[in-house]
Amino acid sequence: MKSIINSINKEMIECFLMIFTVFTLFFSVLVISGMVFGVNWEQYIPDFSWRMVNTKEMKDLLTL
């Protein structure tokens, strides 16, 4: 029984590591290609403002 649980945990950890590796490679290729071709990805990300957060709706959701 323990060997089955250990193998499931091992497979789950391997799966998470592979997913993390694929996402890291994907986004790093995007960033590196942007740097190579002169695209500044930071200008596409909007600046954070507290007005962006809808506090009234968050309070309604949290009080459910």
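The shown structure was predicted, so the numbers you read here are calculated from the model rather than taken from an experiment.

Engineer: Now, about the overall build of the protein: what can you tell me, with residues and values included?
Structural biologist: From N to C terminus, the protein includes 2 helices and 0 strands. Computed over C-alpha atoms, the radius of gyration of the protein comes to 21 Å, more than 25% over the 11 Å expected from 2.2 N^0.38 for 64 residues, which places it beyond the range of a compact globule. Reported as C-alpha extents along the three principal axes, the dimensions of the protein are approximately 55 × 50 × 10 Å. Here the protein, with 64 residues, has 2% of them falling under the buried criterion. Carbon and sulfur atoms provide 71% of the accessible area of the protein, an area that totals close to 6,700 Å². Taken as two groups, the 5 positive and 6 negative side-chain charges of the protein have centres that lie 9 Å from each other.

Engineer: For the packing of aromatic side chains, give the residues involved together with the corresponding values.
Structural biologist: Any aromatic ring pair is given by two values, namely how distant the centres are and how the planes are angled relative to each other. Under the criterion given, the structure shown has 2 aromatic pairs. Summarising the aromatic geometry, the rings of F23 and F27 are spaced 6.3 Å apart at their centres and angled 15 degrees between planes, so their arrangement reads as stacked. In this pair, F23 and F27 are both assigned in helix α1 (residues 2–37), 4 residues apart and thus about one turn of the helix distant. Accessibility expressed as a relative area gives 48% for F23, which makes it partly exposed. Looking at F27, the relative accessible area reads 46%, which means it is partly exposed.

Engineer: Describe the environment of L30, with residues and values.
Structural biologist: Here L30 is to be found in helix α1. For L30, a relative accessible area of 34% translates into the label partly exposed. Through-space distance from the C-alpha of L30 to that of M18 is 18 Å; in sequence the pair is 12 residues apart.

About the criteria used
Residues numbered from 1 in each chain as written. Predicted model: local features only at pLDDT ≥ 70, side-chain atom pairs only at ≥ 80, totals over all residues. Heavy atoms only, no water. Helix = DSSP H or I, 4+ residues; strand = E, 2+ residues; numbered from the N terminus. Rg over C-alpha atoms; globule rule 2.2 N^0.38 Å. Buried < 20%, exposed > 50% of the residue type's maximum accessible area, 1.4 Å probe, protein only. Areas by Shrake-Rupley, 256 points an atom, 1.4 Å probe, with all protein chains shown as cover. Lys, Arg positive; Asp, Glu negative; His and termini not counted. Charge placed at Lys NZ, Arg CZ, Asp CG, Glu CD. Phe/Tyr/Trp six-rings, centres within 6.5 Å; stacked < 30°, edge-to-face > 60°.

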